[in-house]
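# Reading the structure
Listed below, chain by chain, are the residues.
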Amino acid sequence: MNAVRRRRDRYVGRMVMCAALIATVTGCSTTVAGTALPRTASRTIDVSGISDPALDRSLPAALLLPPEKFPASYPAVTLPPSAVAQAAPDLAGIPVGAKVEPPGCLPLPQNYGPDETAMAVGTSEDGRATISVEVVVPAPTLPELRKHLGECSEVDATDSGVTATVTTVAAPEPLPPMGGVRTVAYTRTVVSGDDRRLVQSMETRGAQLGDARVLVTYMTFDRREVDRDALDIVFHNAVVYAFGD
């Protein structure tokens, strides 16, 4: 069980490492300092995975919802690239390098570097839940994602001697905030430990335009009810910011 607790604590640390410093002027704040990208600037970027030379920012970062657009009850930060590379894979519930059963059910390939993935995380006021926004460019098509999730609805993943069962269930697709955007939704639970008491619960909503994808995930470890009002707000804001006029 100690190994399981370490896995949980490591995951929580990754997701909130910057949020814990949100009220300070040191640590992660030096990484995310600067002026938020104006809405008009994000609209002028071709959704093709290429950096915008005028902004000198990779496209995922340019499309990412700024922390100030999260609900006040979920103060947020933009994760630096080193934290993204650790936190983003954990949202799949399967650690990098884990062995999975059935074979072929590793997460779809993704480059977690800043040229293809950006991420912001808001943490609840009591620190027991997070809402993450992840932007991936380029991303596989939504039909490809749905096919993978359907074929890998239950996966046993073993990492560092701990086996977790990852269960993914399709959910009703949310209405897109604008035309041309396709959506997807699913819930995911990760159950691990000898007594199967450690449960990581996630509810994810996604939107895609071209090869750019926005994923918004509510995550908790204590089986609490999903704050769907906050999830609705963040999903709407994140999609409109990335793809709106």
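A quick note: this is a predicted structure, and the numbers were derived from the prediction, not measured.

Moving on to the pairing of strand β5 (residues 154-159). With burial as the criterion, only one face of β5 is covered, namely that bearing V155, A157 and D159; the residues E154, D156 and T158 on the opposite face remain uncovered. Relative to β5, strand β2 (residues 99-101) is paired through three bridges, and the arrangement is antiparallel. When the sheet's bridge partners are listed, E101 is paired in β5 with D156. The pairing of β5 with strand β6 (residues 162-170) spans six bridges and is classified as antiparallel. Paired with A157 across the bridge in β6 is A164. As consecutive antiparallel partners, β5 and β6 are separated by two residues, and within that stretch S160 has a phi angle of approximately 55 degrees, a positive value.

Residues V133, V214, V216 and F243 are the most contacted members of the largest nonpolar core, which totals 32 residues. Among the elements that line this core, the one with the most residues is helix α7 (residues 228-243), at 10 residues. Apart from residues lying up to four places away in sequence, V133 is in contact with L64, L65, F70, A118, M119, A120, V214, L215, V216, V234 and A238. Core analysis: the second largest hydrophobic core is formed by 24 residues, L79, C152, L198 and M202 among them.

Okay, the environment of C105 next. Tracing the sequence through the fold places C105 in the loop between β2 and β3 (117-123). Judged by its relative accessible area of 5%, C105 is buried. As a C-alpha pair, C105 and D156 span 51 residues in sequence and 9.2 Å in three-dimensional space. Excluding residues that lie within four positions of it along the chain, C105 makes contacts with I94, V100, H148, E151, C152 and V155.

As a further point, take α7. Spacing of three or four residues puts side chains on the same side of an α-helix, whose turn is 3.6 residues. With 16 residues, α7 should cover 22 Å at 1.5 Å per step; its first-to-last C-alpha distance of 22 Å lies within 8% of that length. Of all the positions in α7, only A230, L231, V234, F235, A238, V239, V240, Y241, A242 and F243 are classed as buried.

A separate point is the sheet that holds strand β9 (residues 212-220). Spatially, β1-β3-β4-β9-β8-β7-β6-β5-β2 is the arrangement adopted by the nine strands of the open sheet, whose pairing is antiparallel. The outermost strands of the open sheet, each flanked by one partner alone, are β1 (76-78) and β2. Neighbouring strand axes in the sheet, compared pairwise and without regard to direction, differ in orientation by 20 degrees on average. In this sheet, β9 lies alongside strand β8 (residues 198-209) in antiparallel orientation, the contact comprising nine bridges. Its bridge partner being in β9, E203 is matched across the sheet by Y218. Contacts from helix α5 (residues 81-90) reach β3, β4 (129-136) and β8 within the one sheet, and its direction differs from that of β3 by about 75 degrees. Across the sheet, α7 lies against β4, β7 (182-192), β8 and β9, angled at about 30 degrees from β8, the strand it touches most.

Cut-offs used in this document
- Residues numbered from 1 in each chain as written.
- Predicted model: local features only at pLDDT ≥ 70, side-chain atom pairs only at ≥ 80, totals over all residues.
- Heavy atoms only, no water.
- Buried < 20%, exposed > 50% of the residue type's maximum accessible area, 1.4 Å probe, protein only.
- Helix = DSSP H or I, 4+ residues; strand = E, 2+ residues; numbered from the N terminus.
- Pairing = 2+ DSSP bridges.
- Core = buried A, V, L, I, M, F, W, Y, C linked by side-chain atoms within 4.5 Å.
- Contact = heavy atoms within 4.5 Å.
- Expected span 1.5 Å × (residues − 1).
- Axes fitted to C-alpha atoms, helices over the stretch in contact; angles between N-to-C directions.

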